[in-house]
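# Structural features, examined
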Amino acid sequence: MTAEGHDGEAAGTLTGITIHPIKGCRRVELDSALVTATGLEGDRAWQVVTATNDTDALGEAVTQRRNAALATVAPVPIDGGLTISAPGMGTIDVKRPDANDTTVLALIGDEVACADAGDEAAEFFSEVLSFPARLAAFTPESFRPMRLFRGRPTGFADAAPVLVANTASLDDLVARASEPFGIERFRANLIVTNDEPWSEDTWTEFSIGPAELSARVVWPRCAVPQIDQDTGERHREPALVLRKHRWCSVAEGFSPGMRGMLEGNAMFGVACTIDPEGVVVSVGDPVTVSATGPPLLDPPR
């Protein structure tokens, strides 16, 4: 995107904050969140991985793409770790390890030094998923630089510190779809509300309260938005409406690697960096856009 100058144009309000403590598991909705070096505090700091007995093999990320049952697992942050529950499984408390003792594969193939969360968590997730699995955690020693974001660190997120979505764009999609669906299907971190569907596609630099965000790219969507984020049930939408109205065939002006991610995929939400560390974003904060550029996709007609 090529930025065009703005003095700072009001562009709506922050109406939702969501973190996903364990990647692929249920959301936690917040009134406010601390900005850290990796995004919002507590977001995607844990990841379920395949279990392996081979010391030379790395556990690989387990996601809802193939394991929709993760959507039924509810993690709640507590002091020093998580409380985790699922239907028919009861509740366990898991302490966050202090030091790295393993290496796992994040979703896009990055090797991440982190810590195993123990046998109780492994037994819990193995039963939920019906195959051997373990839970890994970021520790203060962990560091995962984003190749797509100039080396910026993040946790176990796909490839961006935060994802921003606009309820006006959701409403436009739902009005065109064959069945309703909610914004939670897109697993965004920051939900903004304004009167202009798809305006977020043009934002390159903007603020939410005291936080400064740089939009890097409109985000490609996989099959996860088809999964009900409370029940784990799979639906046809929003795949059908996204394919019809938000499909990217050509992504000119991007690097070959980025073009490979964008082309042949549907788009919803904006992947962003967020600064500075230590500020707090809160529901009700104003959204102000300081620079815009041409969108990757034209708004649906």
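Bear in mind that the values here come from a model prediction, so they are computed numbers and not experimental data.

Let us now look at unusual backbone geometry. With omega at 10°, the peptide bond leading from Glu237 into Pro238 counts as cis. Among the secondary structure elements, Pro238 is positioned in the loop between strand E17 (211–221) and helix H3 (239–245). Even without glycine at this site, Ser130 takes up a positive phi of about 65°. Among the secondary structure elements, Ser130 is positioned in the loop between helix H1 (119–129) and strand E13 (133–137). A relative accessible area of 67% places Ser130 in the exposed class. Of note in this structure, Arg187 is not a glycine but carries a positive phi near 55°.

Before going further, it helps to spend a moment on H1. Along an α-helix, residues three or four apart share an orientation, since each turn contains 3.6 residues. Listed in full, the buried residues belonging to H1 are Ala121, Ala122, Phe124, Phe125, Val128 and Leu129. Seen end-on, H1 carries its buried residues on one side only, within an arc spanning 160°. Facing away from the buried side of H1 by more than 90 degrees, the exposed set consists of Asp119, Glu123 and Glu127. Its buried side turned inward, H1 meets strand E2 (22–23), strand E6 (46–50), strand E9 (81–86), strand E10 (90–95) and E13. Positioned one or two residues after H1, Ser130 has a phi angle of 65°, which is positive.

Consecutive side chains along a regular strand alternate between the two faces of the sheet. Among the 11 residues of strand E19 (residues 265–275), 9 are classified as buried, and the element is accordingly described as predominantly covered. As paired strands, strand E14 (residues 162–166) and E19 are joined by 3 bridges and run antiparallel to one another. Looking at E19, one finds that Leu163 is bridged to Ala271. Pairing geometry for E17 and E19, over 8 bridges, is antiparallel. Bridging from a neighbouring strand, Val217 pairs with Ala271 of E19. Of the strand pairs in this sheet, strand E18 (residues 247–248) and E19 are connected by 2 bridges, and their pairing is antiparallel. In the strand pairing of E19, Cys248 is matched with Asn265.

This next bit is on the sheet that holds E10. Taken in spatial order, the 3 strands of this open sheet run E8-E9-E10, and their pairing is antiparallel. The sheet is open, and its two borders are formed by strand E8 (74–78) and E10, each paired with just one other strand. The average angle at which neighbouring strand axes cross in this sheet is 20°, direction not considered. Where H1 meets the sheet, its contacts fall on E9 and E10, and the angle it forms with E10 comes to roughly 140°.

Strand order across the open sheet formed by 6 strands is E2-E6-E13-E12-E11-E7, with mixed pairing between neighbours. One side of each edge strand has no neighbouring strand; the edge strands of this open sheet are E2 and strand E7 (59–60). Strand direction decides the pairing type here: E7 and strand E11 (residues 102–105), joined by 2 bridges, are parallel. Within E11, the residue paired with Gly59 across the bridge is Val104. Lying over the sheet, H1 contacts E2, E6 and E13, oriented at roughly 130° with respect to E13.

For Asn194, the location among the structural elements is in the loop between strand E15 (190–193) and strand E16 (203–208). A residue is classified by how much of its surface remains accessible, and Asn194, at 15% relative accessible area, is buried. A polar side-chain atom of Asn194 sits 3.0 Å from the main-chain amide nitrogen of Glu196. Only 3.0 Å separates the side chain of Asn194 from the side chain of Ser199, close enough to count as a polar contact. Setting aside residues up to four positions removed in sequence, Asn194 forms contacts with Ala11, Gly12, Asn166, Ala168, Ser199 and Trp203.

Before going further, it helps to examine the pairing of E10. Note that E9 and E10 share 6 bridges and pair antiparallel. By the bridge assignment for E10, Ile84 is matched with Ile92. Between E9 and E10, which pair antiparallel one after the other, the connecting turn spans 3 residues, and Gly88 there sits at a positive phi close to 75°.

Quick look at the environment of Gly42 now. Within the secondary structure layout, Gly42 lies in the loop between strand E5 (39–40) and E6. Considering only alpha carbons, one finds Gly42 and Pro77, 35 residues apart in sequence, at a separation of 7.7 Å. Contact partners of Gly42, with chain neighbours within four places excluded, come to Ile19, His20 and Pro21.

Turning to the environment of Val28, a few remarks are in order. Turning to its location among the elements, Val28 is positioned in strand E3 (residues 28–30). The exposure class of Val28 is buried, given its relative accessible area of 14%. For the pair Val28 and Ala74, spaced 46 residues apart in the sequence, the C-alpha separation amounts to 8.3 Å.

Calculation rules
- Residues numbered from 1 in each chain as written.
- Predicted model: local features only at pLDDT ≥ 70, side-chain atom pairs only at ≥ 80, totals over all residues.
- Heavy atoms only, no water.
- Helix = DSSP H or I, 4+ residues; strand = E, 2+ residues; numbered from the N terminus.
- Buried < 20%, exposed > 50% of the residue type's maximum accessible area, 1.4 Å probe, protein only.
- Arc of directions from axis to C-beta.
- Contact = heavy atoms within 4.5 Å.
- Pairing = 2+ DSSP bridges.
- Axes fitted to C-alpha atoms, helices over the stretch in contact; angles between N-to-C directions.
- Polar contact = N/O pair within 3.5 Å; in protein donor to acceptor, adjacent residues only side chain to side chain.

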